[in-house]
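Spelled out, the chains give:
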Amino acid sequence: MANLSSRKLFLFLCFFVGAVVLYFLVTKDDSMIVSGKTILEYGSSSRGASKSPSTDTSRKASSDISTGESPSSNLLTGVSSHASADKSADVSSYTVGKPTGASSDISTGLPADTQITLLLRMPGSVMEHRERYYCDLFRTTVLYWPPSYGKTVLVLDDESRKDHEFAEIVNKHARENFPDYKVEVKYEALPKDQSVLDFPSAPKGPGYNRQLWSSFFFDLYTNDPIIAWMDSDVAFVTPVTKSSIFNGTKLRVLGWDCTFHFTWVQEWALTTERALGLPYVADYMSFFPVYIYRDTFVSCRKHILKHLKVTNFEDAFKLFYHDRNVLSPVSVVLSYAWFFERSRYDWNMKLCTDLTEYNKKFPPDSKIRPEHLEDILSEPQTAFHVPYGEFLTANILISYCLTQQEAGNRIDFCLRHSFSLNDNFDLLHHDLQRVRTIRSNPCANGKADYCLQVLGRHYKKVGLEVKENKRKLEWSHVETVEKLAKEIGITCKPLMY
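To start, this report covers the structure provided alongside it. A quick note: this is a predicted structure, and the numbers were derived from the prediction, not measured.

**Let's talk about the overall build of the protein chain**
Then, in step 1: For the protein chain, the helix and strand inventory stands at 14 helices and twelve strands.
Then, in step 2: Expressed as a percentage of the 497 residues in the protein chain, the buried residues total 55%.
Then, in step 3: Put simply, 80% of the contacts in the protein chain that link residues at least 6 apart link residues at least 24 apart.
Then, in step 4: Working note: accessible area of the protein chain is about 22100 Å², and carbon and sulfur atoms make up 55% of it.

**Quick word on the state of the cysteines**
Linking two cysteines covalently through their sulfur atoms gives a disulfide.
Then, in step 1: Under the criterion given, the structure shown has four disulfides.
Then, in step 2: Two residues, Cys135 and Cys492, share a disulfide whose sulfurs are 2.1 Å apart. Across the disulfide from Cys135 to Cys492, rotation about the S-S bond amounts to roughly -80°, and the bridge is consequently left-handed. Residue Cys135 is found in helix H2 (residues 127–144), and its partner Cys492 is found in the segment after helix H14 (475–487); the two are separated by 357 residues along the sequence. Neither Cys135 nor Cys492 differs from the other in exposure class; each is buried.
Then, in step 3: A sulfur-sulfur distance of 1.9 Å marks the disulfide that ties Cys258 to Cys352. Between Cys258 and Cys352 the disulfide shows an S-S torsion of about 95°. By sign, it is right-handed. Remark: Cys352 occurs in the loop between strand E11 (345–350) and helix H10 (355–358) and Cys258 occurs in the loop between strand E9 (250–256) and helix H6 (263–276); sequence separation between them is 94 residues.
Then, in step 4: Taken in N- to C-terminal order, the disulfide-linked cysteines of the protein chain are connected 1-8, 2-3, 4-5, 6-7.

**Re the sheet that holds strand E5 (residues 183–188)**
Then, in step 1: A sheet is described by the order of its strands in space; here five strands give the open sequence E5-E4-E3-E6-E10, paired in mixed fashion. Of all strands in the sheet, those with a lone pairing partner are E5 and strand E10 (290–293), marking the two edges. Along the sheet, successive strands turn relative to each other by an average axial angle of 30°, direction set aside.
Then, in step 2: Note: strand E3 (residues 116–121) against strand E4 (residues 152–157), four bridges, orientation parallel. Along E4, the bridge assignment pairs Arg121 with Val155.

**Observations regarding helix H9 (residues 329–340)**
Then, in step 1: Here H9 spans 17 Å end to end across twelve residues, near enough to the 16 Å set by a 1.5 Å rise per residue.
Then, in step 2: The element H9 is largely enclosed, with a buried count of eleven among its twelve residues.
Then, in step 3: All buried positions along H9 are accounted for by Pro329, Val330, Ser331, Val332, Val333, Leu334, Ser335, Tyr336, Ala337, Trp338 and Phe339.

**Looking at the pairing of E5**
Then, in step 1: Note that E4 and E5 share six bridges and pair parallel. The residue of E5 that forms the bridge with Asp157 is Glu188.
Then, in step 2: Running through helix H3 (residues 161–177), the crossover from E4 to the neighbouring parallel element E5 is right-handed.

**Remarks on the pattern of salt bridges**
Then, in step 1: Here the structure, examined in full by the defined rule, presents 29 salt bridges.
Then, in step 2: The closest approach of N and O atoms between Glu128 and Arg132, which form a salt bridge, is 2.9 Å. Of this pair, Glu128 and Arg132 both sit in helix H2, four residues apart, roughly one helical turn.
Then, in step 3: Residue Glu176 pairs with Lys172 through a salt bridge whose shortest N-O separation is 3.2 Å. Placement of both Glu176 and Lys172 in helix H3 is noted, with a separation of four residues, approximately one turn of the helix.
Then, in step 4: Each of Arg121, Asp157, Glu159, Glu188 and Arg210 takes part in a single network of salt bridges with overlapping partners.

**Considering the packing of helix H7 (residues 294–308) against H9**
Then, in step 1: Two elements in contact, H7 and H9, have axes separated by 10 Å at closest approach and are oriented at 90°. Taken together, the axis directions place H7 and H9 in an arrangement best described as roughly perpendicular. Residue-level contacts link Thr296, Phe297, Ser299, Cys300, His303 and Ile304 of H7 to Val332, Val333, Tyr336, Ala337 and Phe340 of H9.
Then, in step 2: Here the residues of the contact of H7 with H9 are counted per class, giving eight nonpolar, three polar and no charged.

**Describing the environment of Gly248**
Then, in step 1: Looking at the secondary structure, you find Gly248 in the loop between strand E8 (246–247) and E9.
Then, in step 2: Since its relative accessible area comes to 7%, Gly248 is described here as buried.
Then, in step 3: Taking C-alpha positions, Gly248 is 9.8 Å from Tyr345, a pair spaced 97 residues apart along the chain.

**Structural notes on the nonpolar core**
Then, in step 1: Judged by nonpolar contacts, the single largest core of 139 residues is most densely connected at Tyr133, Ile304 and Phe320.
Then, in step 2: Sequence-distant contacts of Tyr133, that is, excluding residues within four places in its chain, are made with Leu120, Met122, Phe138, Arg139, Leu154, Phe166, Val170, Val183 and Ser232.

**Quick look at the sheet that holds E8**
Then, in step 1: Spatially, E8-E9-E11 is the arrangement adopted by the three strands of the open sheet, whose pairing is mixed. Single-partner strands in this sheet number two, and they are E8 and E11.
Then, in step 2: Judged from the two bridges that link them, E8 and E9 form a sheet pairing that is antiparallel. When the bridges of E9 are listed, Phe246 appears paired with Leu251.
Then, in step 3: With respect to the sheet, H9 is in contact with E9 and E11, its orientation differing from that of E11 by roughly 115°.

**Observations concerning the packing of aromatic side chains**
Both the distance between ring centres and the angle between the ring planes are used here to describe each pair of aromatic rings.
Then, in step 1: All told, the structure shown has 36 aromatic pairs when counted by the stated rule.
Then, in step 2: Ring centres of Phe262 and Trp264 lie 4.6 Å apart, and the angle between their planes is 5°; on these two criteria the pair is classed as stacked.
Then, in step 3: A residue is classified by how much of its surface remains accessible, and Phe262, at 18% relative accessible area, is buried.
Then, in step 4: The rings of Phe199, Trp213, Phe216, Phe217, Phe313, Phe317, Phe320 and Tyr321 are connected pair by pair, giving a single aromatic cluster.
Then, in step 5: Above the ring of Tyr208, the side-chain terminus of Lys204 is found at 5.1 Å from the ring centroid.
Then, in step 6: We note Arg342 situated over the ring of Trp338; from NZ or CZ to the ring centre the distance is 4.5 Å.

**So, the side chain of His303**
Then, in step 1: Relative to the elements of secondary structure, His303 occurs in helix H7.
Then, in step 2: Excluding residues that lie within four positions of it along the chain, His303 makes contacts with Leu276, Leu278, Tyr336 and Phe340.

**Describing the pairing of E10**
Then, in step 1: Neither face of E10 is open: one carries Val290 and Ile292, the other Tyr291 and Tyr293, and all of them are buried.
Then, in step 2: As defined by bridge partners, strand E6 (residues 226–230) adjoins E10 across four bridges and the pair is classed as antiparallel. Directly across from Ile227, in E10, lies its bridge partner Ile292.

Conventions used here
- Residues numbered from 1 in each chain as written.
- Predicted model: local features only at pLDDT ≥ 70, side-chain atom pairs only at ≥ 80, totals over all residues.
- Heavy atoms only, no water.
- Helix = DSSP H or I, 4+ residues; strand = E, 2+ residues; numbered from the N terminus.
- Buried < 20%, exposed > 50% of the residue type's maximum accessible area, 1.4 Å probe, protein only.
- Contact = heavy atoms within 4.5 Å.
- Areas by Shrake-Rupley, 256 points an atom, 1.4 Å probe, with all protein chains shown as cover.
- Disulfide = S-S within 2.5 Å.
- Pairing = 2+ DSSP bridges.
- Axes fitted to C-alpha atoms, helices over the stretch in contact; angles between N-to-C directions.
- Expected span 1.5 Å × (residues − 1).
- Right-handed = clockwise from strand over helix to strand, strands pointing away.
- Salt bridge = Lys/Arg side-chain N within 4 Å of Asp/Glu carboxyl O.
- Parallel < 35°, antiparallel > 145°, perpendicular 65-115°, else oblique.
- Nonpolar A, V, L, I, M, F, W, Y, C, P; charged D, E, K, R; others polar.
- Core = buried A, V, L, I, M, F, W, Y, C linked by side-chain atoms within 4.5 Å.
- Phe/Tyr/Trp six-rings, centres within 6.5 Å; stacked < 30°, edge-to-face > 60°.
- Lys NZ or Arg CZ within 6 Å of the ring centre and 35° of its normal.

As structure tokens, then:
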């Protein structure tokens, strides 16, 4: 009897201990799940139904349930060579949308140290492009691009001795004068089949065609998860902020259809549809930098190869870029992103066409919705094409003085002017090249108050960063670049007036 009681007691104790262990395992798993949700949703909120200027000027939220898109994980892949872009090798895995264990940036929900590569492709042997680099890009980068955001990568021609000489100059100038800014020079070899650059029906010359060709391979020159795509004739016009890059975890995209009456834009649409087998979405040559996830380039190339039923990108390039029809690579890549990665990007488009009419060309699951439209930008454009908007050069100084004013700093040459937020209304236009010719005065017709709120928020934010020593804004950096340019025979037009 005693043995039976002992056995029952032993079984009861085993059952009790097992139940306790099981309870703690279950609750631990539940707490991990809740914690995981907190990390994934950090910094995000629900998206409103529209982007009307009459709505609150706080950042648009980032929820998008578009169909037919890639998973939210951001697995980065690279390719072994331009000629075999379909045979990707996995070079790194960086899940942008899922920070685990690292500190996060409140404004984006991404890891605070997420790096962005400011990338420029140019021929270093051409004096005009050297001048653009120093007077447009480099001079304004050291003023308005925080070095903590990421490095600058300059891609030059590998076979050119002058390009290698220029690289030595660029590296020396950056290293000795701007140690906080990391500048890397990469080289691109000529394609194995050089007929992709020079062929009878080419609408442009081999130099220009090489620039187009290179644009599909920017992922090869950095391991950073995000690329800020710059043209060689682009300058920053106001401080770059995380809010101008991200909406939540999504990269901001601007675009519009108001240039479709131009012949070259119609040709962009044709070459885009040839490359993707899908409609051209919008003119995305309207803003810079163009922020694109690095692995989007890889996926876009793979799609093009599959659609055109070829095994190397040289053959693909010749199939969609011919017949004297010009090409916009950025419109190809972002049109791809619209159809297959829509939820990773924050779309801020403006249409001059009726939305119902415009949507007729899209498949049912890829139509533009009201939440993808924005009549006036909710963040200012931060850069412009200098040759097409030279009048905007004055705004570089305006932005500097407005920021210093918000920081509480009295700068002598700023006090000679009476700048106001109204002077920067143009920066809320979708296309700074066309700000004087198409849909000018974005803040007219009762929209001035909204524009003042948007710009006021922007300069208050940057001014506070300067005041708290979280950002440097030194006009002496501009003057230093101008002196360095003179050392190599380049005279930049003054920015101060």
